[in-house]
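Okay, here's what each chain looks like letter by letter:
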Amino acid sequence: MTDLTGDSRMQIRARLCMSADGYVTTPNGWPPQVLDPLHGPGSHGIAEFLEPVEAALMGRTTFEPALTNDRWPWPGLRVFVLGSRRPEGTPDDVIVESDPVRLLERLRAANRGGDVHLIGGPRTIDTFRALGALDKLELVVLPFLVGGGMRLTDALGVDTGLEFEASRALPGGSVEIVYRVRTDGAVPAAQEPDWAPDSQRRRGN
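Everything quoted here is computed from the prediction, not taken from an experiment.

1. Things to note about the packing of aromatic side chains
Evaluated as defined, the whole model comprises 3 aromatic pairs. Geometrically, the ring pair formed by phenylalanine 63 and tryptophan 72 is edge-to-face, given 6.1 Å between the ring centres and 85 degrees between the ring planes. We classify tryptophan 72 as partly exposed; its relative accessible area is 28%. Taken together, Phe63, Trp72 and Trp74 form an aromatic cluster joined through their ring pairs. If you follow arginine 13 out to its NZ or CZ, it ends over the ring of phenylalanine 49, 4.1 Å from the centre.

2. Topic: the environment of leucine 107
Relative to the helices and strands, leucine 107 resides in helix H3 (residues 100–110). The sequence separation of leucine 107 and glycine 147 amounts to 40 residues, and the corresponding C-alpha distance is 37 Å. If near-sequence neighbours (up to four positions away) are discounted, leucine 107 is found in contact with Met10, Leu57, Phe80 and Val116.

3. Considering the pattern of salt bridges
All chains considered together, the criterion is met by 15 salt bridges. Glutamate 176 serves as the salt-bridge partner of arginine 15, at 3.0 Å between the closest nitrogen and oxygen. Of this pair, arginine 15 sits in strand E1 (residues 12–18) while glutamate 176 sits in strand E8 (residues 175–181), and the two are 161 residues apart along the sequence. The shortest N-O distance in the salt bridge between arginine 180 and glutamate 163 comes to 2.9 Å.

4. Some points on helix H4 (residues 122–129)
Counting buried positions over the 8 residues of H4 gives 6, a clear majority of the element. Of the surrounding elements, those touching the buried residues of H4 are E1, strand E2 (53–59), strand E3 (78–82), H3, strand E5 (115–119) and E8.

5. Points about the side chain of glutamate 138
You can see glutamate 138 is positioned in strand E6 (residues 136–141). A distance of 3.4 Å separates the side chain of glutamate 138 from the side chain of arginine 13, its partner in a polar contact. Discounting residues that sit within four places of it in the chain, glutamate 138 has contacts with Arg13, Ala14, Arg15, Leu16, Phe49, Glu176, Ile177 and Val178.

6. Focus: unusual backbone geometry
Backbone geometry at histidine 44 places phi at a positive 60 degrees, although glycine is not the residue there. Within the secondary structure, histidine 44 is located in the loop between E1 and helix H1 (46–50).

7. Points about the pairing of strand E7 (residues 162–169)
In terms of strand pairing, E7 meets E8 through 7 bridges, oriented antiparallel. When the bridges of E8 are listed, alanine 169 appears paired with valine 175.

8. As for the nonpolar core
Core analysis: the biggest nonpolar cluster contains 27 residues, and Leu57, Leu118 and Phe128 have the highest contact counts within it. When residues of this core are traced back to their parent elements, those giving at least two are E1, E2, E3, H3, E5, H4, E6 and E8. At 4 residues, E1 tops the list of elements feeding residues into this core. Residues in contact with leucine 118, not counting those within four places in the same chain, are Ile12, Arg13, Ala14, Arg15, Leu57, Thr124, Ile125, Phe128 and Leu134. Grouped together as the second largest cluster of nonpolar side chains are 10 residues, Val81, Val94, Val96 and Ile119 included.

9. Considerations on the pairing of E5
Of all 5 residues in E5, 5 are buried; the element is thus mostly enclosed. Burial along E5 is two-sided: the face carrying Asp115, His117 and Ile119 and the face carrying Val116 and Leu118 are both buried. With 3 bridges joining them, E1 and E5 adopt parallel strand pairing. The residue bridging alanine 14 from the neighbouring strand is leucine 118, located in E5. In this structure, E2 lies alongside E5, joined through 5 bridges in parallel fashion. By the bridge assignment for E5, leucine 57 is matched with leucine 118.

Cut-off values and rules
Throughout this description, residue numbers start from 1 for each chain and increase along the sequence as written. pLDDT decides what is reported in this predicted model: residues at 70 or higher carry local features, side-chain atom pairs at 80 or more are listed and counted, and totals for whole chains, interfaces and linings draw on all residues regardless. For side-chain calculations, the full set of non-hydrogen atoms in the structure is used, while hydrogens and water are omitted. By convention, a stacked pair of Phe, Tyr or Trp rings (six-membered ring in the case of Trp) has centres within 6.5 Å and planes under 30 degrees apart, an edge-to-face pair has planes over 60 apart, and any other such pair is tilted. Summary of the burial criterion: residues with accessible area below 20% of their type's maximum are buried, those above 50% are exposed, and those between are partly exposed, where the area comes from a 1.4 Å probe applied to protein chains only. Here, over-ring charges are defined by two tests on the NZ atom of lysine or the CZ atom of arginine: distance to the ring centre within 6 Å, and angle to the ring normal within 35 degrees. For helices the rule is a DSSP run of H or I covering at least 4 residues; for strands it is a run of E covering at least 2, with both sets numbered from the N terminus onward. Contacts are assigned to residue pairs that have any heavy atoms within 4.5 Å of one another. Salt bridges, as used here, are contacts in which a Lys or Arg side-chain nitrogen is within 4 Å of a carboxyl oxygen on Asp or Glu. Residues adjacent in sequence count toward polar contacts only when both atoms are side-chain atoms; beyond that, a polar contact is any pair of N or O atoms within 3.5 Å, and within protein one must be able to donate a hydrogen and the other to accept it. Any two strands between which DSSP finds at least two bridges are classified as paired. Buried residues of nine kinds, namely Ala, Val, Leu, Ile, Met, Phe, Trp, Tyr and Cys, make up a nonpolar core once their side-chain atoms join them within 4.5 Å.

In structure tokens, the structure reads:
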């Protein structure tokens, strides 16, 4: 059986910005942080997040727009892409693989001890979380509402198994929350039809 836990020094970490009403995209698909006047290179804690990162892992939907960008988004990082085909114009050193397990094997074989930035939306994150390959999930809660878009839990299962690790305030009112991801994730008790808070049960409600 393939060992997906890999080198204990390496961590696969995902990071998403989320509006105060729970959306990880705007109604037309943009990441919500672009609405923040403070948005820019290194903003919202991303500069610190990337310091220990040596590789980027993503799906084809995230990767393909980079091929026509004026600036390569991942300078200095090894890039690994989950996709059924190799897009035209893909740099030779980018690894493209259709099977997530094989892609993880190649990523771990190339690892030099740094972390991996798992980039994409909840569906991409959940693909690797389901394989037990997601170590940390970081959420940046933004101090405004967007009113629509993709919600975090539309695709990321409630059985993700998040365990709070740390939080900090960021400039402009955003809050960063870091979770460890347990492989023994369980559906929260609040999902059960007859669940009620202990305080309410004591009152007989």
